[in-house]
2 protein chains.
Amino acid sequence: MQVVVLRETVEGERRVAIVPETVAALTAVGCSIAVETGAGRHAFVRDEDLAARGASVETDRTHLLQSADAVLSVQPLPVGDIAYLAAGSTVVSFLQPWAHRDAVRALAARSVTSFSLDLVPRISRAQSMDALSSQALVAGYRAVLLAAAAAPRMFPLFMTAAGTVAPAKVLVLGAGVAGLQAIATSRRLGAVVTAYDVRAAAADEVRSLGAMFLDLGLDSQEGAGGYARVQSEEFLARQREVIGEHVARSDVVITAAAVPGRPAPLLVSADMVQAMRPGGVVVDLGAEAGGAERGGNCELTRLGEVVDVDGVTILGPRNPASAHPLHASALYARNAANLLTLLIRDGQLDPDWDDEVVAGSCVTKDGEVLKT
Amino acid sequence: MQVVVLRETVEGERRVAIVPETVAALTAVGCSIAVETGAGRHAFVRDEDLAARGASVETDRTHLLQSADAVLSVQPLPVGDIAYLAAGSTVVSFLQPWAHRDAVRALAARSVTSFSLDLVPRISRAQSMDALSSQALVAGYRAVLLAAAAAPRMFPLFMTAAGTVAPAKVLVLGAGVAGLQAIATSRRLGAVVTAYDVRAAAADEVRSLGAMFLDLGLDSQEGAGGYARVQSEEFLARQREVIGEHVARSDVVITAAAVPGRPAPLLVSADMVQAMRPGGVVVDLGAEAGGAERGGNCELTRLGEVVDVDGVTILGPRNPASAHPLHASALYARNAANLLTLLIRDGQLDPDWDDEVVAGSCVTKDGEVLKT
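To start, this report covers the structure provided alongside it. (Residues numbered from 1 in each chain as written. Chains lettered and ligands numbered in written order. Predicted model: local features only at pLDDT ≥ 70, side-chain atom pairs only at ≥ 80, totals over all residues. Heavy atoms only, no water.)

### A closer look at the interface of chain B and chain A
- Tallying the contact residues gives 42 residues for chain B and 42 residues for chain A.
- For the pairing of chain B and chain A, the buried interface totals around 3800 Å² over both sides, and the portion due to carbon and sulfur atoms is 66%.
- Summed over the three residues of chain B that lose the most area to chain A, namely Met154(B), Arg188(B) and His327(B), the buried surface amounts to 18% of that side.
- Inspection of the chain B/chain A interface yields zero salt bridges.
- Seen at the junction of chain B and chain A, the total is 17 residue pairs in polar contact (both at pLDDT 80 or more).
- Contributing elements (two or more residues each) for the side of chain B that touches chain A: helix 6 (131–150), strand 7 (158–160), strand 8 (163–165), helix 7 (177–188) and helix 11 (325–342) of chain B.
- Here the side of chain B that touches chain A gets seven residues from one element, more than from any other, and that element is helix 6 of chain B. (Contact = heavy atoms within 4.5 Å. Buried area = accessible area lost by both parts, 1.4 Å probe. Salt bridge = Lys/Arg side-chain N within 4 Å of Asp/Glu carboxyl O. Polar contact = N/O pair within 3.5 Å; in protein donor to acceptor, adjacent residues only side chain to side chain. Helix = DSSP H or I, 4+ residues; strand = E, 2+ residues; numbered from the N terminus.)

This is the structure:
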């Protein structure tokens with residue numbers, strides 16, 4: 001069974017779907033791994049290190065596609081590549097089908113069975129395949145480095161011979177995996193952190209990281225599967241009021257609020273930004289989730305740009321997990337290898353369609369689109 | 001007594017020599033503070049906040065210079081500005097006279113009495129005026145943010161459902177104020193840190209921050225005043241050998257080794273960089289100290305540029321303290337106000353020339369250049 005990993009072609013994508021460790025793991029379950037030359041270059045994963053664990057390294061991309069029983073990738077394959085895949089072959093990607101309808105249609109048309117790592121159900125058995133979480137961890141860490149680098153103040157408290165420097169006040173909106181990592185990293189750097197999430201259940205996690213939790217004094221708003229859900233207008237008005245007060249007194253605001261498959265909820269308005277002190281910084285992780293444009297949690301965000309609003313800097317980083325590609329790839333490659341392993345029985349692709357992880361993450365099968 | 005603060009004119013200089021707090025402190029000892037419009041803009045120090053503490057804000061730079069009894073600045077004044085100063089007036093700057101001979105000559109020619117904050121003796125009474133230390137603290141913090149942002153790996157240990165991510169291995173060369181802050185900040189972010197300094201006395205400070213100290217097994221090399229001193233060729237050979245071994249196994253190398261008034265000691269050779277794994281990062285704070293080009297602690301550093309050597313990134317940041325101008329200015333302004341206050345008796349400039357802090361930091365006086 002031939003498993004193929006290609007160079008990623010999306011601009012700015014530095015990650016790769018395989019690392020030496022997962023070459024070994026997949027070989028152990030009966031796979032032969034074939035990697036396109038230089039596939040891991042931008043992640044500092046070297047061809048020779050992959051080869052040392054048993055991967056073959058080849059330059060002919062078309063032949064690799066034609067020979068693949070399964071393809072692992074980070075971004076969805078380009079439609080041009082999908083045309084070379086054999087009918088009945090399998091693709092495992094971070095597919096986000098709602099954002100990549102052309103690729104999904106092409107996969108179905110070619111009768112490719114495709115699985116999307118961002119659709120893996122959030123049940124404990126599937127945590128090792130949860131790429132949404134693993135990449136959000138990297139993104140949350142990245143957001144803090146960007147905020148700290150852009151801020152005219154330092155994050156930690158300093159007590160020096162020339163007097164005291166107060167710690168930065170950081171507000172984190174959204175306490176999913178990315179938000180929690182942003183809290184943890186800001187705390188590591190010594191900032192005073194306040195956090196908010198629509199799910200009241202997040203309060204304990206936030207507090208366990210040494211941050212204060214913003215309580216609106218309203219009912220919890222947790223949706224299905226542990227994700228945030230879409231909110232009522234009344235709830236949103238109250239949320240805007242409380243968040244607005246806290247944005248104005250913060251030095252740094254990091255937003256990481258996402259509702260899967262939907263535009264990012266708008267949490268920070270233009271008015272709120274204008275009420276911040278000059279030198280304030282907003283890092284908006286809602287601007288893009290896993291390569292798909294989502295509109296942003298802040299009204300003034302422009303994806304991939306640095307916006308200055310009267311001395312307040314707004315960053316909407318593209319593909320933040322890709323900024324630390326070595327570790328992001330290590331985590332992603334393990335997620336992908338774990339899902340692929342679940343699909344294999346006796347050295348062959350033979351998914352158990354009654355398994356909720358298999359069924360939940362499958363996007364195309366037998367020429368049909370199952371998820372949009 | 002009129003104390004003047006101007007907009008800094010050196011490219012990339014975002015700091016300012018006064019903050020609202022020091023307006024109040026200097027007013028209390030009898031000074032009138034006059035600030036050029038927008039002097040603090042790039043540091044996010046607002047004219048209205050300075051005015052609220054009693055500063056006058058004026059647009060006529062020439063008139064400000066002509067009316068000054070004393071001028072506070074970060075960078076040395078441009079020679080063109082010095083021409084407008086009254087004979088007998090006083091300037092307090094981060095002057096580094098060896099790097100700014102034209103400015104020093106102009107100050108002497110104009111019979112301006114000048115004091116350099118980087119020459120304040122490192123005695124405990126003068127710690128509150130030690131701008132070399134206060135700015136090195138900011139630079140050391142900055143170096144870690146730059147390294148962490150450029151590294152393809154993350155700094156902390158992560159134990160996730162997709163397996164463990166090992167912490168980054170950081171090597172800090174030079175354990176003065178900047179190096180110690182780089183150690184502390186790297187440790188905050190969860191890295192495993194090893195540090196080296198020619199002064200064996202630094203070992204305890206390094207270890208107290210949770211880092212390992214590299215011991216060459218040779219005699220201590222501490223120079224006068226607690227600074228590092230110039231080393232013998234034999235010592236340097238042994239140092240190169242041990243450092244080379246550790247550079248090769250590090251993910252990140254931060255160099256912060258300076259000998260005051262001399263070129264930066266070369267600690268990391270081209271060979272050492274080539275022995276690093278791809279994805280390695282070097283941040284060289286020795287490339288520039290306080291605005292003066294120093295050559296760098298790493299052979300391949302190019303000041304202000306990002307150099308890629310076979311996948312190893314080398315950064316030689318310009319003016320790193322200026323990257324966090326709000327806090328760097330707060331500390332610097334206090335240093336400057338403290339030194340100026342020392343020069344004032346009964347509301348007038350009346351330095352005690354027998355005071356070792358006054359004498360040690362004076363660069364020009366009565367038309368003579370006292371320090372080069």
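### So, the side chain of Asp251(B)
All names here are of chain B.
- Turning to its location among the elements, Asp-251 is positioned in the loop between helix 9 (233–248) and strand 12 (252–255).
- Among the residues examined, Asp-251 registers a relative accessible area of 6% and is labelled buried.
- Among the polar contacts made by the side chain of Asp-251, one reaches the main-chain amide nitrogen of Lys-169 at a distance of 2.8 Å.
- Here the side chain of Asp-251 touches Arg-277 through a polar contact of 3.1 Å, side chain to side chain.
- If we ignore the near neighbours within four places in the chain, the residues touching Asp-251 are Arg-153, Pro-167, Ala-168, Lys-169, Met-276, Arg-277, Gly-279, Gly-280 and Val-281. (Buried < 20%, exposed > 50% of the residue type's maximum accessible area, 1.4 Å probe, protein only.)

### Topic: empty space enclosed by the protein
- If you walk through the whole model with that rule in mind, you get three cavities of 30 Å³ or more.
- Taken as a whole, the second largest cavity encloses approximately 70 Å³ of empty space.
- In terms of residue class, the lining of the second largest cavity is built from seven nonpolar, three polar and three charged. (1 Å grid on protein atoms, 1.4 Å probe; cavity = no way out; pocket = protein on both sides within 12 Å on 5 of 7 lines; lining within 4 Å. Points joined across faces, edges and corners; volume = space filled by probe spheres on them. Nonpolar A, V, L, I, M, F, W, Y, C, P; charged D, E, K, R; others polar.)

### Structural notes on the pairing of strand 10 (residues 192–196) of chain B
All names here are of chain B.
- Buried residues dominate strand 10, accounting for four of its five residues.
- Pairing geometry for strand 9 (residues 169–173) and strand 10, over five bridges, is parallel. The partner of Leu-173 across the bridge, within strand 10, is Tyr-196.
- Alignment of strand 10 against strand 11 (residues 212–213), held across two bridges, turns out to be parallel. Opposite Ala-195, over in strand 11, you have Phe-213 as the bridge partner.
- Remark: the strand 10/helix 8 (residues 202–208)/strand 11 crossover connection has right-handed handedness. (Pairing = 2+ DSSP bridges. Right-handed = clockwise from strand over helix to strand, strands pointing away.)

### Some words on the relation of the copies chain B and chain A
- The transformation that overlays chain B on chain A combines an axial shift of 0.0 Å with a rotation of 180°, and the residual RMSD is 0.0 Å. As the rotation angle and translation indicate, the two copies are arranged about a two-fold axis. When each C-alpha of chain B is compared by its distance to the rotation axis, Arg188(B) comes out closest, at 2.6 Å.
- Take the interface residues of chain B: 100% of them recur as interface residues in chain A, which is what a same-surface contact looks like. (Least-squares fit on C-alpha atoms with pLDDT ≥ 70 in both.)

### Details of helix 11 of chain B
- If you check helix 11 of chain B, its first and last C-alpha atoms are 25 Å apart, about what 18 residues at 1.5 Å a residue would give, namely 26 Å.
- Judged by how many residues are buried, helix 11 of chain B sits mostly within the fold: 15 of 18 residues are covered. (Expected span 1.5 Å × (residues − 1).)

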